[in-house]
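Coordinates in review
Here is what each chain is made of, one letter per residue.
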Amino acid sequence: MSPDGGPDEVLDGLSRHARKLVAELAGPVRRVRLRSGETVLEVEWHHPVPPAPAPRAEADPVTEPRADVTPVTDRPAVRAPVVGTFYRAPEPGAAPFVVVGDVVRPGQVVGIVEAMKLMNEVTAGQAGRVVEVLVEDGKPVEYDQPLIALEPLTGRDA
């Protein structure tokens, strides 16, 4: 990029640098700011505030959680590192990274979240057995949304 390039050329160069930088970082990015002369490119992700739960009318026995099912909030889960679109496989038609019953190890890739045309690997933060995939392939996800529910490994599983 030449220093005398137009604003569009400078912005394109900054965008390429930002994509490369974000792809190389290990965790979720909150802010990226690049400047070239008078041109500035700034990107920031905000942690979304979850909506307040809607008030419930009378309890509906059909929708009440069963006592033998552990609520998702009580189970460890692999969570979305960024806002974007969740993919279970590395490419269309390929086998998913993990399926229910698989044992995952810390750092193992279990999915991808596409954000701003960047593919962000989703990795397990702890060892566990996949008990449920909580988001369908190709669906939008929010930052920190549970994607895959895990069951901690017992002594015999480890």
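In this numbering scheme, every chain counts its residues from 1 along its sequence in written order. Whole-chain, interface and lining totals are the exception, using all residues; otherwise, since this is a predicted model, local features are given only for residues with pLDDT of at least 70 and side-chain atom pairs are given and counted only at 80 or more. As a rule here, side-chain values cover all heavy atoms of the structure and leave hydrogens and water aside.

The next subject is the overall build of the chain. Only runs of H or I of at least four residues qualify as helices and only runs of E of at least two qualify as strands under DSSP, and these elements are numbered from the N terminus. Secondary structure assignment for the chain yields one helix and ten strands. The N-to-C order of helical and strand elements in the chain reads α-β-β-β-β-β-β-β-β-β-β. Exposure is judged per residue with a 1.4 Å probe applied to protein chains only, and the accessible area is read against the type maximum: over 50% gives exposed, under 20% gives buried, and values in between give partly exposed. Here the chain holds 158 residues, and the buried ones make up 26% of them. In the chain, the proportion of contacts linking residues at least 24 apart, taken out of those at least 6 apart, comes to 56%. In what follows, a contact means two residues having at least one pair of non-hydrogen atoms within 4.5 Å.

For the rest of this paragraph, the subject is the pairing of strand S7 (residues 118–123). A one-sided burial pattern is seen for S7, the buried positions being Leu118, Asn120 and Val122 and the unburied ones Met119, Glu121 and Thr123. Pairing analysis gives six bridges linking strand S6 (residues 109–115) to S7, with the strands arranged antiparallel. Residue Ala115 lies in a different strand from S7, and its bridge partner there is Leu118. Pairing between two strands requires that DSSP report at least two bridges joining them. Connecting S6 to the next strand, S7, in antiparallel fashion are two residues, including Met116 with a positive phi near 55°.

This next bit is on the confidence of the model for the chain. How sure the predictor is of each residue is captured by pLDDT, a score from 0 to 100. Summary statistics for the chain give a mean pLDDT of 77 and a share of 64% for residues scoring 70 or more. Here residues 60–72 is modelled with pLDDT under 50, and outside its nearest four sequence neighbours on either side it reaches six contacts, counting other chains as well.

Taking strand neighbours across the sheet as the criterion, the four strands line up as S7-S6-S4-S9 in an open arrangement whose pairing is antiparallel. Lying at the two open borders of the sheet, with one neighbouring strand each, are S7 and strand S9 (139–141). Put simply, the sheet's adjacent strands are angled 40° from each other on average, direction ignored. Lines fitted to C-alpha atoms define the axes here, with helix axes fitted over just the stretch in contact, and angles between the N-to-C directions of these axes take values from 0 to 180 degrees.

Tracing the chain through its elements places Leu134 in the loop between strand S8 (128–133) and S9. By relative accessible area, which is 26% here, Leu134 ends up partly exposed. Residues Leu134 and Ala77, spaced 57 residues apart in sequence, show a C-alpha to C-alpha distance of 9.3 Å.

Another aspect to go through is the nonpolar core. In plain words, nonpolar cores are sets of buried Ala, Val, Leu, Ile, Met, Phe, Trp, Tyr and Cys residues tied together by side-chain atoms within 4.5 Å. Core analysis: the largest hydrophobic core is formed by 17 residues, its most contacted members being Val110, Leu147 and Ile148. Elements supplying a minimum of two residues to this core: S6 and strand S10 (146–151).

Turning our attention to the sheet that holds strand S3 (residues 77–79). The four strands lie next to each other as S3-S10-S8-S5, forming an open sheet whose pairing is antiparallel. This sheet does not close on itself; its edge strands, each paired only once, are S3 and strand S5 (103–104). Pairing geometry for S3 and S10, over three bridges, is antiparallel. Counted as the bridge partner of Ala77 is Ala149 from S10.

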